[in-house]
Amino acid sequence: NEKIIAASQKHPIVRLPEGQVYKYGTAGFRMRADLLEGVTFRVGLLASLRSRKHNGQTIGVMVTASHNPPVDNGVKIVDPMGEMLEQDWETLATDLVNSASDQELVERYNNIAAAHKIDLRSPAKVIYGRDTRPSGHKLVTALADALVAADTEYVDYKLLTTPQLHYLTRATNTEGTPSSYGKVSEVGYYEKLAAAFAKALRNKKVEGTLTVDCANGVGGPKLAEFLKYLPQEVKSHFSVKIVNDDVLRPEVLNLECGADFVKTKQRAPPSPKPVPGARCCSLDGDADRLIYYWHDPDANFVMLDGDRISSLAASFISDLVRDANLSEEVRIGVVQTAYANGASTTYIAEHLGLPVACTPTGVKHLHHVAQSYDIGVYFEANGHGTVLFSTEAIRAIREKQPQSPAQKDALETLSALVDLINQTVGDAISDMLMVEVILAHKGWTLRDWAMTYQDLPNRLVRVEVADKDIFQTTDAERRLSHPEGAQAAIDQEVRKYTNARAFARASGTENACRVYAEAATRSEANELAERVARIVQ
Ligand code: 16G
Ligand code: ZN
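Residues numbered from 1 in each chain as written. Chains lettered and ligands numbered in written order. Predicted model: local features only at pLDDT ≥ 70, side-chain atom pairs only at ≥ 80, totals over all residues. Heavy atoms only, no water.

K.L.:
Can you break down the packing of aromatic side chains residue by residue, with the values?
P.N.:
Aromatic ring pairs are defined here through the distance separating the ring centres and the angle between the ring planes. With the rule as written, the count across this model stands at 13 aromatic pairs. When the centroid spacing of 5.6 Å and the interplanar angle of 75° are considered together, the rings of tyrosine 189 and tyrosine 190 count as edge-to-face. You can call tyrosine 189 buried: its relative accessible area is 2%. With relative accessibility at 1%, the residue tyrosine 190 sits in the buried group. For the ring pair phenylalanine 197 and phenylalanine 238, a centre distance of 4.9 Å and an interplane angle of 55° mean the geometry is tilted. Of this pair, phenylalanine 197 sits in helix H7 (residues 186-201) while phenylalanine 238 sits in the loop between helix H9 (232-235) and strand E7 (239-243), and the two are 41 residues apart along the sequence. When its relative accessible area of 0% is taken as the criterion, phenylalanine 197 is described as buried. (Phe/Tyr/Trp six-rings, centres within 6.5 Å; stacked < 30°, edge-to-face > 60°. Buried < 20%, exposed > 50% of the residue type's maximum accessible area, 1.4 Å probe, protein only. Helix = DSSP H or I, 4+ residues; strand = E, 2+ residues; numbered from the N terminus.)

Laid out in structure tokens, this is it:
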């Protein structure tokens, strides 16, 4: 206890203004970096409790603020199988971090241990990494001090993408078991992906050059490193041009580039100057989101977002499952949020004939529902997502005896995809390789991909409200249950338009309400969004 108090004194928590508290939200604690040193120290204590709760299994801690501006940072905890921290523990994290004094901190720490039957003398292990923000140094120092004070073994992996830290957490906990997730090193991650990419391509060639905008974040150096591990026969045709990979000037991180910029501004990063027709994609600041796009000489900018990646993956994988003769035993499902474009939902449900589920915003919700399928495809429209294969699906894929060369081919491609696609969390590098494999197999350009269906015109607006917490939703955020009467008013507006849909929800990351509307034409979508915004204002 004295050790913890002494260490905590070196990393004091900043008092927030009256009425405000630190909150473990959808992306952990995220705010201005100068508020986070004490928070990160306290998160270290919780991570070590979490490890002990799991009998000493390794817990991950990632220091990143993803697509936020460079002055921000954040810290989040990764559970043993590489998943997001369990929801009940988010509350514990919030409580522990908001302790008013070092005394109270130790008290709450001991209380959590007692309530969860945690033996504080048992072994504990934590691994951590950070993105390229300069404030990361100071934060991981606070984290390490907490781990030492809590007698916890740790490994500092230094700079990592968020999905790499998730990979390493799972790999550490499965090392030497039949379900080993891969070698426990950054190199192990590259080797696994490189081998799976080569295998999934099955001698198909990737056409043209792919330009990858790395948001001037950690994805830049990591992608460059990954490319070195590709076998020569893949290097000879897979041409990648990395842009916006300046990690030496912290102020340019996520500045006018990256997946969040492209998705929200609906245009390409101004620099480098867009080349008409070039196949492009953008990662975000910690490389867990991916958006594709190109500049069309006729249609201007065309974007292929998370909904497109989802439907592309679902279509390819369901064809493979059919060709592998696994349709009987392997059920595929797609998970979206209310923000998914209605045209994508219709395409997946009617054209592909696959079940589509809708969950509240936030990766943990989608991930959870995706786990209920044998193969669960989930993406948020913002480009965060992955494909999960259940243990039974993997067994079926690996053990099925092929009766024809075509069936063998499908089984081998599926098997390679299991390794290529990050099973722990959305991973921009892994998702990008998956998209490249699918385009190569189908012989598609981005234009062919965009032709599969036409997006409904849509509009997202951010509405400043006095108290966002009065907006409570139901039906996976598609309807408001409170305030009284608001939903009826929205319904009345929606009825005035054809093919229209609209919803309002409180943001989980900002003090505002978001309104989304789609309709048959752009002007109708805009008009509807504004009318709904007026209802919630
Ligand atoms: C968080 C979520 C992201 C979601 C966004 C919505 C994770 C890792 N991140 O960034 O998935 O789209 O919040 O923000 O779950 P909002 O609630 O402000 O609209
Ligand atoms: Zn991110």
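This is not the end of the story, as more comes after the structure.
K.L.:
Hey, could you go over the coordination of the zinc ion (ligand 2) for me, with residue numbers and the actual values?
P.N.:
Distances from the zinc ion (ligand 2) to its protein donors, Ser66 (OG), Asp284 (OD), Asp286 (OD) and Asp288 (OD), fall within 2.0 to 2.1 Å. One way to put it: the four donor atoms around the zinc ion (ligand 2) meet at angles of 86 to 172°, and that makes the site irregular. Counting the intervening residues between successive donors of the zinc ion (ligand 2) yields the motif S-x217-D-x1-D-x1-D. The buried category is assigned to aspartate 284, whose relative accessible area is 0%. The class for aspartate 286 is buried, based on a relative accessible area of 0%. (Donors = N, O, S within 2.8 Å, 3.2 Å for Na, K, Ca; no water. Tetrahedral: all angles 85-135°; square planar, octahedral: opposite > 155°, others 65-115°.)

K.L.:
Would you mind going over helix H18 (residues 486-494) in detail, with residue names and values included?
P.N.:
Residues of H18 that are buried include every one of Ala486, Gln487, Ile490, Glu493 and Val494, and no others. One side of H18 holds all its buried residues, which, seen down the axis, span an arc of 120°. For H18, the secondary structure elements touched by its buried residues are strand E17 (479-482), strand E18 (501-506) and helix H19 (522-536). (Arc of directions from axis to C-beta. Contact = heavy atoms within 4.5 Å.)

K.L.:
Help me get a handle on the site of ligand 1, residues and values and all.
P.N.:
Thr26, Met84, Thr361, Gly362, Val363, Glu380, Asn382, Arg505, Ser507, Gly508, Thr509 and Arg514 make up every residue found near ligand 1. Within the side chain of serine 507, an N or O atom sits 2.5 Å from an oxygen atom of ligand 1. One of the backbone N or O atoms of glycine 508 is found 2.6 Å from an oxygen atom in ligand 1. A total of 450 Å² of accessible area belongs to ligand 1 in isolation, and the protein chains cover 89% of it. Along the lines of polarity and charge, the residues of the shell around ligand 1 split into two nonpolar, seven polar and three charged. Counting contributing residues per domain, the shell around ligand 1 is built from domain 3 (306-431 + 445-450) and domain 4 (458-536), each supplying no fewer than three. (Near = heavy atom within 4 Å. Polar contact = N/O pair within 3.5 Å; in protein donor to acceptor, adjacent residues only side chain to side chain. Areas by Shrake-Rupley, 256 points an atom, 1.4 Å probe, with all protein chains shown as cover. Nonpolar A, V, L, I, M, F, W, Y, C, P; charged D, E, K, R; others polar. Domains from an automatic or database assignment.)

K.L.:
Hey, could you go over the pairing of strand E5 (residues 153-159) for me, with residue numbers and the actual values?
P.N.:
One face of the sheet, then the other: side chains in a regular strand alternate in exactly this way. With five bridges joining them, strand E4 (residues 125-130) and E5 adopt parallel strand pairing. Across the sheet, residue valine 126 finds its bridge partner in E5, namely tyrosine 154. (Pairing = 2+ DSSP bridges.)

K.L.:
Can you break down the pattern of salt bridges residue by residue, with the values?
P.N.:
Scanning all chains against the criterion turns up 39 salt bridges. As a salt-bridge pair, glutamate 186 and lysine 222 come within 3.0 Å of each other at their nearest N and O atoms. Pair noted here: glutamate 186 is in helix H7 and lysine 222 is in helix H8 (residues 219-227), with a separation of 36 residues, a long-range link. Note on lysine 222: relative accessible area 11%, which makes it buried. Close ionic contact of arginine 459 with glutamate 530 constitutes a salt bridge, the shortest N to O distance being 3.0 Å. Placement of the pair is arginine 459 in strand E15 (residues 458-463) and glutamate 530 in helix H19, with a sequence separation of 71 residues. (Salt bridge = Lys/Arg side-chain N within 4 Å of Asp/Glu carboxyl O.)

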